[in-house]
Amino acid sequence: MDADGLVALVSSYNPHSDTAKIAEAYAFGDEMHAGQVRQSGEPYFTHPVAVAELLARQKLDDATIITALLHDTVEDTKARFTDVSERFGEEVAYLVDGVTKLTNLQLSSTETKQAENFRKLFMAVSKDPRVLLVKLADRLHNMRTIKYQRPEKQAQKARETMDIYAPLAGRMGMQWMREELEDLSFKVLNPEARNSIIRRFIMLQRDSGDVIDSITGDIQKVLKKAQIKGEVFGRAKKPFSVWRKMQEKQKSFSRLADIYGFRVIVGSEADCYQVLGAIHARWAAVPGRFKDYISNPKANGYRSIHTTVAGRDGKQVEVQIRTRQMHEVAEAGVAAHWSYRDGVRAENPFAVDPAHWIRALSERLDETDHDEFLEHVKLEMYQDQVFCFTPKGDVIKLPRGATPIDYAYGIHTRIGDSCVGAKIDGLRVPLWTRLKNGQQVEIITAEGQRPQPTWLDIVVTGRAKSAIRRSLREEDRERFIKLGRELARVAFEHIGKKATDKALATAARTLGLAEAEDLLARLGSAELTARDVVGTLYPELAAAPQGEVVEESRAVVGLPEGQISTRAQCCQPVPGERIVGITYRGQGVIVHAIDCPVLVDFEEQPERWVDLRWHSGPHGAVHTVSMQVAISNDAGVLGRICTLIGEQKANISDLHFIDRKQDFYRLLIDVDLRDVEHLHMVQTALEADSDVAEITRVKNVDRKP
Ligand code: MN
């Protein structure tokens, strides 16, 4: 852009602009930087001009534009501070000096150095935040052209931008700037991840067509029906925003509500709430996602209503509702204080002024020591994070929404695994409590404790999630080994052999497994069948004819003469599980699993207990087992669950819904099964499906024998 172009751009929003001064600054900068080139090979002065243009697009005042044109002259050319102040006045000289001071600050260096540099940053910008506006525009242009730098320099600048400048832009209320800075850094720091997100967008577009258009159209229809005037905008979120949400929520791309964002812009605050009502009447609101930043503005002055609704085909989308003025504030942030609207300097439209924050912080510059100041800045700057303290005073950084369990895993996996309770500022709190900035957190641990599966719903950090999953998997392995041992015992007994450690080790080796426990774990998880194992050692016996099928009435062995047996409904035992009988006058013998809690009631009456075991022959009979299954509420999942059960040659004899939530269905499924191995095959097949959240075998439902 040449001098005339820049002058024309500034004049278009600021009729009082001193166009001669801007042209003079342009000429002065051009002359000073003459002969210098950028890494890209372009003349150096194209950079200050690009920065000035960025700021002019934000409709900023003359002093800011002139500062942008001159921001590198004192640092990089023979121009001196006094030259600038004589030609362009105190105000511009002060701003140029502020930006120059920031140029050499290494903000992502060692902690002590960083504290000192943060003080310098805040001192430089505190008297006039326009210094920061120029610095942010400078960084944005440098990040846009970073590909010409050496790789180490790219990584260092990207890291610093991600850690410091992007959050600062957000804290200054400049949301678009924050998102672009983050995404440009992401492109340098993790190009593979970014490309994978972009590929997913392309695939989604191919599969579902233009989702943005269709949803925008749907929202417009709702506005029309409610007779509210407003504009609707849809956009795909920046790859980095999507990536961050995926990390935070541990959700896959397709289940994320935050891939697309929709905005409704209306005329008045009252209209905002009317639109909210109309949208909620049309689509189901997702619980926990409604936020009213109109009555409770964010610390950076941001105002809007946010809600997430489940739209077509159950997909979730976020909608932001705001007035035109709120929208302009959200886009311009702190820049609005020095910008022009319709030819006049903008009134302060802020509910909260983010510039206050800088001033308040700077007041603390002298009173606190460096480290404390740094800690304070970070607390304030990273609004989407919480910082908590250990009893010793160490800081633990967590994402917003984190619980004491996340905190415990943040310290050490061992502490997370053995966590049984937590104290916040000395008081006992439930483990699902959301932590707040500055709280002191103490974790109560107990030896031999294990993470609970329900914790997976409570925690927000990936670190806690993966540690809990790992622990649960280990527990599963132990369970599978135990079950496998039992299955092996039954199978070997059936052919008149013993499942000795030696026999199992030999079978394991023959099957290419490291040790007997691997074999048992696979047997328990139904990756191997008992016949595979037996067949390895005794091929001729395993292949032997199965003999006649045992009838249901003869399924158990050990009944007293003339008695018949009935399976207890409280524990629903199946062949392969240890059983015991309890006699009832007139009802025969009820067969319970050996660990059924009901048996406690009969401890005083040993005469009613009957030793029973399952008939060891192959059973023709089937036994119903009730399972509670939680599945995600997505199209096709229920059908797939039924198919999976059918593929295991098991019959579903009953199925009903217990609970229908927004994202989950809870079902009770009765399945007819041969034995415990069969049960396990079904459970494993279901567990392997990513849409199955939980399976529990229902015991002790309120059913009498
Ligand atoms: Mn620069």
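If you're wondering where the values come from, they're calculated on a predicted model, not measured in any experiment.

### Concerning the side chain of T583
Then comes step 1: Tracing the backbone through its elements, the reader meets T583 in strand β16 (residues 579–584).
Then comes step 2: Dropping the residues within four chain positions of it, T583 is found in contact with Q563, G588, V589, R608 and V610.

### Topic: the sheet that holds strand β18 (residues 609–611)
Then comes step 1: With mixed pairing, 4 strands are arranged side by side in an open sheet as β15-β17-β16-β18. Every other strand in the sheet has two partners, leaving β15 (565–567) and β18 as the edge strands with one partner each. Here the strands of the sheet are splayed against their neighbours by 35° on average, with no regard to which way each runs.
Then comes step 2: Alignment of β16 against β18, held across 3 bridges, turns out to be antiparallel. Looking at β18, one finds that V580 is bridged to D611.

### As for the coordination of the manganese ion
In ideal tetrahedral geometry, four donors around a metal make angles of 109.5 degrees, whereas ideal octahedral geometry with six donors gives angles of 90 or 180 degrees.
Then comes step 1: All of the protein donors around the manganese ion are H47 (NE2), H71 (NE2), D72 (OD) and D138 (OD); their distances to the metal are 2.2 to 2.5 Å.
Then comes step 2: Motif for the manganese ion, donor spacing along one chain: H-x23-H-D-x65-D. Here the residue H47 occupies a position in helix α3 (residues 46–57), and D138 occupies one in helix α8 (residues 130–144), the gap between them amounting to 91 residues. For the residue pair H47 and D138, the accessibility class agrees, reading buried in each case.

### A short note on the packing of helix α26 (residues 637–647) against helix α27 (residues 676–687)
Then comes step 1: One can describe the packing of α26 onto α27 by two numbers: an axis separation of 9 Å at closest approach and a directional angle of 145°. Considering how the two elements wind past one another, α26 and α27 form a crossing that is right-handed. Along the contact surface, α26 presents I641, L644 and I645, while α27 presents V682, A685 and L686.
Then comes step 2: Its residues placed into classes, the contact of α26 with α27 shows 6 nonpolar, no polar and no charged.

### Structural notes on the pairing of strand β2 (residues 260–266)
Then comes step 1: Of all 7 residues in β2, 7 are buried, a share of seventy percent or more.
Then comes step 2: With burial as the criterion, each face of β2 is covered, one bearing Y260, F262, V264 and V266 and the other bearing G261, R263 and I265.
Then comes step 3: Inspection of the sheet shows strand β1 (residues 230–236) paired to β2 by 7 bridges, in the antiparallel sense. Bridge pairing in β2 places A236 opposite Y260.
Then comes step 4: Across 6 bridges, the pairing between β2 and strand β6 (residues 316–323) is parallel. Across the sheet, G261 pairs through a bridge with E318, a residue of β6.

### What to know about the environment of N633
Then comes step 1: For N633, the location among the structural elements is in the loop between β20 (623–632) and α26.
Then comes step 2: On the basis of relative accessibility, which here comes to 26%, the residue N633 falls in the partly exposed class.

### Considerations on the confidence of the model for the protein
Then comes step 1: Confidence in the prediction of the protein, expressed as mean pLDDT, is 82, and 87% of residues score 70 or more.
Then comes step 2: Scored below 50 in pLDDT, residues 544–550 shows 14 contacts in the model against residues more than four places distant or in partner chains.

### Quick notes on the sheet that holds strand β23 (residues 692–697)
Then comes step 1: The strand order across the open sheet built from 4 strands is β21-β22-β20-β23, with neighbouring strands paired in antiparallel fashion. Each having just a single partner strand, β21 (651–660) and β23 make up the two edges of the open sheet. Between one strand axis and the next, the sheet turns by 20° as a mean value, whatever way the strands run.
Then comes step 2: For β20 and β23, the ladder comprises 5 bridges, and the chain directions are antiparallel. Among the inter-strand pairings, M627 is bridged to a residue of β23, identified as R697.
Then comes step 3: Along the sheet, α27 makes contact with β20, β22 (664–673) and β23, crossing β23 at roughly 160°.

### Section: the nonpolar core
Then comes step 1: In this structure, L55, I65, L69, L70 and L181 are the most contacted members of the largest nonpolar core, which totals 65 residues.
Then comes step 2: Residue contributions to this core reach at least three from each of two domains, namely domain 1 (3–192) and domain 2 (204–345).
Then comes step 3: When residues no more than four places from it in sequence are discounted, the contact partners of L69 are L6, I22, A25, Y26, G29, F45, P48, V49 and A52.
Then comes step 4: A491, M627, V637 and Y665 belong to the second-largest nonpolar core, a separate cluster that totals 41 residues.

### Looking at the environment of K229
Then comes step 1: Take K229: it is sitting in the loop between α12 (211–225) and β1.
Then comes step 2: Judged by its relative accessible area of 76%, K229 falls in the exposed class.
Then comes step 3: Those residues in contact with K229 that lie beyond four places of it in its chain are V266 and G267.

### Considerations on unusual backbone geometry
Then comes step 1: Positive phi, close to 60°, is recorded for K59, a residue that is not glycine.
Then comes step 2: Residue placement: K59 occurs in the loop between α3 and α4 (62–70).
Then comes step 3: Assessed through its relative accessible area of 35%, K59 is described here as partly exposed.
Then comes step 4: Its identity is not glycine, yet K649 carries a phi of approximately 60°, on the positive side.
Then comes step 5: Looking at the element boundaries, K649 is found in the loop between α26 and β21.
Then comes step 6: Here K649 falls in the exposed class, since its relative accessible area comes to 71%.

### Some thoughts on the pattern of salt bridges
Then comes step 1: Applying the stated criterion to the full structure yields 29 salt bridges.
Then comes step 2: For R130, the salt bridge identified is with D61, shortest N-O distance 2.7 Å. One end of the pair, R130, is in helix α8; the other, D61, is in the loop between α3 and α4, and 69 residues separate them in sequence. Across the pair, D61 and R130 agree in class, each one buried.

What counts and what doesn't
- Residues numbered from 1 in each chain as written.
- Predicted model: local features only at pLDDT ≥ 70, side-chain atom pairs only at ≥ 80, totals over all residues.
- Heavy atoms only, no water.
- Helix = DSSP H or I, 4+ residues; strand = E, 2+ residues; numbered from the N terminus.
- Contact = heavy atoms within 4.5 Å.
- Pairing = 2+ DSSP bridges.
- Axes fitted to C-alpha atoms, helices over the stretch in contact; angles between N-to-C directions.
- Donors = N, O, S within 2.8 Å, 3.2 Å for Na, K, Ca; no water.
- Buried < 20%, exposed > 50% of the residue type's maximum accessible area, 1.4 Å probe, protein only.
- Left-handed = near helix turned anticlockwise from the far one by under 90°.
- Nonpolar A, V, L, I, M, F, W, Y, C, P; charged D, E, K, R; others polar.
- pLDDT = per-residue confidence, 0-100.
- Core = buried A, V, L, I, M, F, W, Y, C linked by side-chain atoms within 4.5 Å.
- Domains from an automatic or database assignment.
- Salt bridge = Lys/Arg side-chain N within 4 Å of Asp/Glu carboxyl O.

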